[in-house]
Amino acid sequence: MTNIYDITKRRQLAEKYLNAETSAEEERMLRDFYSHAEEPLAPEDEDMRLLMDATDRLSGGFVLSDEKAEEFDRLMQKGSKKSKIVALRWIVSAVAAIICAVLFLPVRPTDNAKEQPEISTSELLEAINILSDVGGDNMTITASSCNDGFIIKTSTSNEPPSSYILRRCSDGTSIELKSQVINF
Amino acid sequence: MESQDFQNIAISVHPKLMNLCRSFFNRQELAYDAEDAVQETLLRLWQMRDRLSEYQKPEALAMLIAKNVCIDILKLNKEQHEPLDEARNIIGNVQADQSMIAHDTERIISNAVARLPRTQQRMLMMRAEGMSMVEIAATCNATPTSTKTMICAARKKLMEILKIRRD
């Protein structure tokens, strides 16, 4: 056992302590010596005493509290509720988007059907009847749908092509000539 | 409790404590090293080693301590962000205290210790509490050799700071 009261041995032990090579027992010896050492001390001893004092002050007890653990759990739950709400918001948004899509999509084809209805045979015959006044012999008719009627393009062998816009009447039973573009 | 027991407990519980502390700091948006909280937890567990038999599972006790540590850190962090403490810290700075409280040993020591990295502080604390090098290594997720090197560095640095402050 090192004689702690021998200044040379004490210096050696202090050096060993600084190099973290002392055993727990040797460190206890040093601590005991410096906590009870009487003034005045040599400067090296004074430094060591301050160091031992400093490390001693580091250690300390604590109180284990169930309240803190409960507070921890509460904070963690609070956090998870928050993230659940965020997740819920996303789900609600997604569902709303799907509902909108389901409600809205069938409307569009209906609109398209209104915008560009097919031309029925009777309508085409009526159109030919109207245009028979303006057209000549061997007239070629090309019909295509537009907003509320259809466009008829005519061409004959000896005349440049002309276009007519025909509109369906509101009752849907007859058609009338709306405008015409005749190329000369 | 045997030293070997504590080592085994520390090593086995370390990852779970890391997860617990990390998720807490993430949720609280607190920039704090989870490893540091785990070290503090295991130090407190070691301090309670004689009472371990009161608890059925050391792991459950470790988790309970970790929750305490996390709350302590959260509170400390809130306090540090209060303006009053900022002012107090400025007063406690090197230049101010040299003239005002140069001979206040307590102040010298606490300022010197505060200048050490937190891991070094805790290692010195663990050693002062009586933990063996192997136990400290298990607690800090380090090898005994690197633990010894870090404790050596911490002691020498602390001695150096204390000398400067005292002169």
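Right above here is the structure, for reference.
Residues numbered from 1 in each chain as written. Chains lettered and ligands numbered in written order. Predicted model: local features only at pLDDT ≥ 70, side-chain atom pairs only at ≥ 80, totals over all residues.

### Some thoughts on the overall build of chain A
Per the secondary structure count, chain A includes 6 helices and 4 strands. Out of the 184 residues in chain A, the part that is buried amounts to 14%. Once local pairs closer than 6 in sequence are excluded, the contacts in chain A between residues at least 24 apart make up 22%. (Helix = DSSP H or I, 4+ residues; strand = E, 2+ residues; numbered from the N terminus. Buried ≥ 20, exposed ≤ 12 C-beta atoms within 10 Å, placed from the backbone. Contact = placed C-beta atoms within 7 Å.)

### Here we look at the overall build of chain B
When its secondary structure is counted, chain B shows 9 helices and 0 strands. Starting at the N terminus and walking to the C terminus, you meet the elements of chain B as α-α-α-α-α-α-α-α-α. Of all 167 residues assigned to chain B, the portion counted as buried reaches 34%. Across chain B, every contact between residues at least 6 apart in sequence was considered, and the portion connecting residues at least 24 apart equals 67%.

### Things to note about the interface of chain B and chain A
Of the residues lining the interface, 31 residues belong to chain B; the matching set on chain A comes to 26 residues. Among the secondary structure elements, those contributing two or more residues to the side of chain B that touches chain A are α1 (3-27), α2 (34-47), α3 (58-80), α6 (105-114), α7 (118-129) and α9 (144-166) of chain B. Element by element, the count of residues in the side of chain B that touches chain A is highest for α9(B), at 10 residues. The residue inventory of the side of chain B that touches chain A, partitioned by class, reads 16 nonpolar, 6 polar and 9 charged. (Nonpolar A, V, L, I, M, F, W, Y, C, P; charged D, E, K, R; others polar.)

### Digging into the packing of α2(B) against α3(B)
Residue and element names in this part refer to chain B. Their axes nearest at 9 Å, the elements α2 and α3 cross at an angle of 125 degrees. The angle between the axes of α2 and α3 places the two elements in the oblique class. Viewed along their axes, α2 and α3 form a crossing whose handedness is right-handed. Where α2 approaches α3, its residues A37, E40, T41, R44 and L45 are matched on the opposing element by L61, A62, I65, A66, V69, C70 and I73. Looking at the contact of α2 with α3, its residues break down into 9 nonpolar, 1 polar and 2 charged. (Axes fitted to C-alpha atoms, helices over the stretch in contact; angles between N-to-C directions. Parallel < 35°, antiparallel > 145°, perpendicular 65-115°, else oblique. Left-handed = near helix turned anticlockwise from the far one by under 90°.)

Honestly, it's all geometry; don't read function into it.
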